[in-house]
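So the chains spell out like this:
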Amino acid sequence: MASNSFRSQIHLGVIIILIIITLLTPITTYNTSPQPWNILSHNDFAGKLTTASSSIESAATDFGHVTKIFPSAVLNPSSVEDITDLVKLSYDSQPSFTLAARGHGHSHRGQASAKDGVVVNMRSMVNRDRGIKVSRTGLYADVDAAWLWIEVLNKTLELGLTPVSWTDYLYLTVGGTLSNAGISGQTFRYGPQITNVQEMDVITGKGEIATCSKYMNSDLFFAALGGLGQFGIITRARIKLEVAPKRAKWFRFLSHPPS
Ligand SMILES: Cc1cc2nc3c(=O)[nH]c(=O)nc-3n(C[C@H](O)[C@H](O)[C@H](O)COP(=O)(O)OP(=O)(O)OC[C@H]3O[C@@H](n4cnc5c(N)ncnc54)[C@H](O)[C@@H]3O)c2cc1C
Ligand SMILES: *[C@@H]1O[C@H](CO)[C@@H](O)[C@H](O)[C@H]1NC(C)=O
């Protein structure tokens, strides 16, 4: 008897819980479903925020072709302000939406993706007429983060200068490799690219632009370097240069693994 009424109490409890879940379900779904937000009609982004399937599709994959992670929209910014506006909008939204900077998309496993959020296509910021300023006397270049290293090299070589530390493959963006490490044959001598940056402009999670270095906002500086875009979006980096050698000797060693 006692165990029977105990069982029916459990049944009643389960039914009540099920009713509650059923009642709550539409609300829950509403809260967690991808937000089309009102940003698509947001004036500030006129024409720069797209939901075109071709853009969504290409932002969903990367060089690795291992993952397919779909954003809701892609921003093609033409200025830093376009990005700060978007970050502020996410920061002020309830709930906020995911954002990811995408450089050249040469990640291997979706590192530059934003599930149901917005992917910021940094390459749309590249303007051929500006974005790389070389200081001969200071031996540094101020570079917009969306430039490829091959473009930086070509530009500095015109003045007989070159960055000191490289990646071996140069079709990667400055912002993308500084968010990782940037490793090449020069690393053993000069350190990876992230140790050859003197200063950066970074858009913080609140949509503010902060200049940072070893001496100024150093927490942000060291977090953003190698930070996989989790601590802000790099928009400018001051890259250390040296006089480009006129000649270089290139060795290739072949070796057999011990059998
Ligand atoms: C063929 C090939 C060769 C490679 N060779 C080398 C090599 O020689 N040395 C080496 O070190 N690495 C190498 N890599 C790895 C490469 O450095 C990383 O994959 C790098 O992330 C690619 O840069 P990207 O511009 O394509 O970045 P993406 O893949 O677009 O982005 C990489 C990460 O950085 C973030 N990010 C991008 N831009 C910004 C920004 N402006 N601010 C903040 N976060 C940002 C993204 O959100 C993401 O988390 C190679 C990769 C490939 C595919
Ligand atoms: C860089 O310079 C080389 C040699 O002049 C040229 O072949 C190449 O097209 C240039 N690349 C870019 C991306 O500007």
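Quick caveat: nothing in here was measured; it's all calculated off a predicted structure.

Points about the packing of aromatic side chains
1) Next: Under the criterion given, the structure shown has four aromatic pairs.
2) Next: Here the aromatic rings of Trp 149 and Trp 166 are separated by 6.1 Å at their centres, their planes lie at 75 degrees, and the arrangement is edge-to-face. Placement of Trp 149 in helix α4 (residues 149–157) and of Trp 166 in the loop between β7 (161–163) and α5 (174–178) is noted, with a sequence separation of 17 residues between them.
3) Next: Looking at Trp 166, the relative accessible area reads 8%, which means it is buried.
4) Next: Ring centres of Phe 221 and Phe 222 lie 5.1 Å apart, and the angle between their planes is 70 degrees; on these two criteria the pair is classed as edge-to-face.

Comments concerning the site of ligand 2
1) Next: Contacts to ligand 2 come from Ile 150, Glu 151 and Asn 154.
2) Next: Asn 154 is positioned such that a nitrogen or oxygen atom in its side chain is 2.4 Å from an oxygen atom of ligand 2.
3) Next: Here ligand 2 has 360 Å² of accessible area as a free molecule, and 32% of this is covered by the chains.

With respect to the pattern of salt bridges
1) Next: A full pass over the atoms with the stated rule returns nine salt bridges.
2) Next: Of the charged contacts, one joins Lys 68 and Glu 57 as a salt bridge, the two residues approaching to 2.4 Å between their closest N and O atoms. Here Glu 57 lies in helix α2 (residues 53–60) and Lys 68 lies in the loop between α2 and β2 (73–75), a separation of 11 residues in the sequence.
3) Next: Ionic pairing is found between Asp 116 and Lys 115, a salt bridge with its closest N-O pair at 3.3 Å.
4) Next: Note on Asp 116: relative accessible area 28%, which makes it partly exposed.
5) Next: Accessibility expressed as a relative area gives 56% for Lys 115, which makes it exposed.

Focus: the site of ligand 1
1) Next: Neighbouring ligand 1 are 30 residues; Ala 101, Gly 103, His 106, Ser 107 and Thr 173 lie closest to it.
2) Next: At 2.5 Å, a side-chain N or O of Ser 107 approaches an oxygen atom of ligand 1.
3) Next: For ligand 1, a nitrogen atom lies 3.0 Å from a polar atom in the side chain of Ser 179.
4) Next: Cavity membership is defined here by more than half of the atoms lying within 2 Å of grid points; on that basis ligand 1 lies in the largest pocket.
5) Next: Within the residue set of the shell around ligand 1, elements represented by two or more residues are β3 (99–102), α5 and β10 (233–243).
6) Next: The biggest single contributor to the shell around ligand 1 is α5, with three residues.
7) Next: Counting residues domain by domain, the shell around ligand 1 receives three or more from each of domain 1 (28–125) and domain 2 (132–243).

What to know about the sheet that holds strand β1 (residues 49–50)
What holds strands together in a sheet is hydrogen bonding between their backbones, with the strands either parallel or antiparallel.
1) Next: The four strands lie next to each other as β1-β2-β4-β3, forming an open sheet whose pairing is mixed. Both edges of this open sheet fall to β1 and β3, since each of them pairs with a single strand only.
2) Next: Both β3 and strand β4 (residues 118–121) contribute to a ladder of four bridges, which runs parallel. Opposite Ala 100, over in β4, you have Val 119 as the bridge partner.
3) Next: Its contacts with the sheet put α2 on β1, β2, β3 and β4, and the angle it makes with β2 is roughly 85 degrees.

Each value, and the rule that gives it
- Residues numbered from 1 in each chain as written.
- Chains lettered and ligands numbered in written order.
- Predicted model: local features only at pLDDT ≥ 70, side-chain atom pairs only at ≥ 80, totals over all residues.
- Heavy atoms only, no water.
- Phe/Tyr/Trp six-rings, centres within 6.5 Å; stacked < 30°, edge-to-face > 60°.
- Helix = DSSP H or I, 4+ residues; strand = E, 2+ residues; numbered from the N terminus.
- Buried < 20%, exposed > 50% of the residue type's maximum accessible area, 1.4 Å probe, protein only.
- Near = heavy atom within 4 Å.
- Polar contact = N/O pair within 3.5 Å; in protein donor to acceptor, adjacent residues only side chain to side chain.
- Areas by Shrake-Rupley, 256 points an atom, 1.4 Å probe, with all protein chains shown as cover.
- Salt bridge = Lys/Arg side-chain N within 4 Å of Asp/Glu carboxyl O.
- 1 Å grid on protein atoms, 1.4 Å probe; cavity = no way out; pocket = protein on both sides within 12 Å on 5 of 7 lines; lining within 4 Å.
- Sits in = over half its atoms within 2 Å of the grid points.
- Domains from an automatic or database assignment.
- Pairing = 2+ DSSP bridges.
- Contact = heavy atoms within 4.5 Å.
- Axes fitted to C-alpha atoms, helices over the stretch in contact; angles between N-to-C directions.

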